[in-house]
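Observations on the three-dimensional arrangement
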Amino acid sequence: MKSGDATAINISEPSSESKVSDTKGKSTTAETKGKAAAGAPAVATTKATKIARGGWKKGLAIFDFILRILAIGATLGAAISMGTTDQTLPIFTQFFQFQASYSDLPAFTFFVIANAIAAGYLVLSIPFSIVGIVRPNIVGARLLLLIFDTVMVALTAAGAGSAAAIVYLAHTGNSSANWVAICQQFDDFCQQVSGAVVGSFIATLILMMLVVTLALALRKQC
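Model, not experiment: these values are computed from the prediction.

1. A word on the overall build of the protein chain
- Looking only at helices and strands, the protein chain features four helices and two strands.
- Along the chain direction, N to C, the helices and strands of the protein chain fall in the order α-β-β-α-α-α.
- For the protein chain, with 222 residues in total, the buried portion stands at 32%.
- Look at the contacts in the protein chain between residues 6 or more apart in sequence, and 76% of them connect residues 24 or more apart.
- On the protein chain, roughly 14100 Å² of surface is accessible, and the fraction owed to carbon and sulfur atoms is 68%.

2. Remarks on the state of the cysteines
- Within this structure, the stated rule accounts for one disulfide.
- Disulfide pairing is shown between cysteine 183 and cysteine 190; the S-S distance is 1.9 Å. Between cysteine 183 and cysteine 190, the S-S torsion sits near -95 degrees, and that sign places the bridge as left-handed. Grouping residues by exposure puts cysteine 183 and cysteine 190 together as buried.

3. Concerning the UniProt feature "transmembrane region" (unreviewed entry) in the protein chain
- When the UniProt feature table is mapped onto this chain numbering, "transmembrane region" (unreviewed entry) sits at residues 65-85, 105-131, 143-170 and 196-218.
- Between the end C-alpha atoms of residues 65-85 the distance is 31 Å, and the span holds 90% helix and 0% strand.
- Between the first and last C-alpha atoms of residues 105-131 the distance is 41 Å; the span itself is 96% helix and 0% strand.

4. Regarding the side chain of serine 129
- Tracing the chain through its elements places serine 129 in helix 2 (residues 106-134).
- Judged by relative accessible area, serine 129 falls into the buried class, the value being 2%.
- With near-sequence residues (within four places) excluded, serine 129 lies in contact with Ala61, Asp64, Phe65, Arg68 and Leu145.

5. Side note on the side chain of serine 194
- Topologically, serine 194 is positioned in helix 4 (residues 187-221).
- One polar contact links serine 194 to histidine 171, side chain to side chain, over a distance of 3.3 Å.
- Ignoring any residue separated from it by four or fewer positions in sequence, one finds serine 194 in contact with Val167 and His171.

6. Some points on the packing of aromatic side chains
- Taken as a whole and judged by the stated rule, the model has two aromatic pairs.
- A ring pair is formed by phenylalanine 108 and phenylalanine 189, whose centres lie 6.3 Å apart and whose planes are at 50 degrees; its orientation type is tilted. Highlighted residues: phenylalanine 108 in helix 2 and phenylalanine 189 in helix 4, separated in sequence by 81 residues.

Procedures and definitions
Note on numbering: residues in each chain are counted from 1, in written sequence order. Totals for whole chains, interfaces and linings use every residue, but because this is a predicted model, local features are given only for residues with pLDDT of at least 70 and side-chain atom pairs only at 80 or more, for both listing and counting. Side-chain measures here rest on the full set of heavy atoms in the structure, leaving out hydrogens and waters. Comment: elements are numbered from the N terminus, with helices defined as DSSP H or I runs of at least four residues and strands as E runs of at least two. Relative accessible area decides the class of each residue, using a 1.4 Å probe on protein chains only: under 20% of the type maximum gives buried, over 50% gives exposed, and in between gives partly exposed. Contacts were defined at the residue level, with two residues in contact if any of their heavy atoms lie within 4.5 Å. Areas reported as accessible are Shrake-Rupley estimates using a 1.4 Å probe. Residue values count occlusion only from the protein chains shown. To count as a disulfide, a pair of cysteine sulfur atoms needs to be within 2.5 Å. UniProt positions are given in the numbering used here, feature names are shortened, and annotations may be inferred rather than shown by experiment. Here a polar contact is taken to be a pair of N or O atoms separated by no more than 3.5 Å, where protein atoms must pair a possible hydrogen donor with a possible acceptor and residues adjacent in sequence count only if both atoms sit in side chains. Working definition: rings of Phe, Tyr and Trp (its six-membered ring) pair if their centres are within 6.5 Å, and the pair is stacked with planes under 30 degrees apart, edge-to-face with planes over 60 apart, and tilted otherwise.

Following this line, the structure appears as structure tokens:
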């Protein structure tokens, strides 16, 4: 090379293929960022919805537990009140007496058995209700409770209805059948059995509320 010669430097321009690849890479990155930004609110909304549903079901489970405690008190109180009903009236002498007891009437005996069974079932159902509080999304335990609660509604309603009919006759009598009203003489007996019947009807209403609560919880699950 001579000192007088000029040195030529060639700078090649990037090819069209590399430009296209760079453009595609940038557009792909932009699309990925856009999808990620669009997907984040959807994930957050889904999580918030699941939390809201879980809170609603947990609230129903707590309400279910409270109702069961109240139903235990109502059924057990009705059974004890009816089972301890007994009154004796002395007539003229102590050797000639009239006695009124719940065991004298099959309807009252059935009433005591029905409410005792319902009270025992409700005590056994408490652990299942607690499981519903701990695991709000559980289905099997709620479905089992729904079936047996419906059976208990029918049992307590039958017991309360049959006893209520006898209590009505004891208060009013029936002149066509020559049944006299005994509550004028056995006032304590009638007051106690009447209170027991009212308690059993209250228990039936609470059990009906339990059925509705469980049905709502299962519907929200679906």
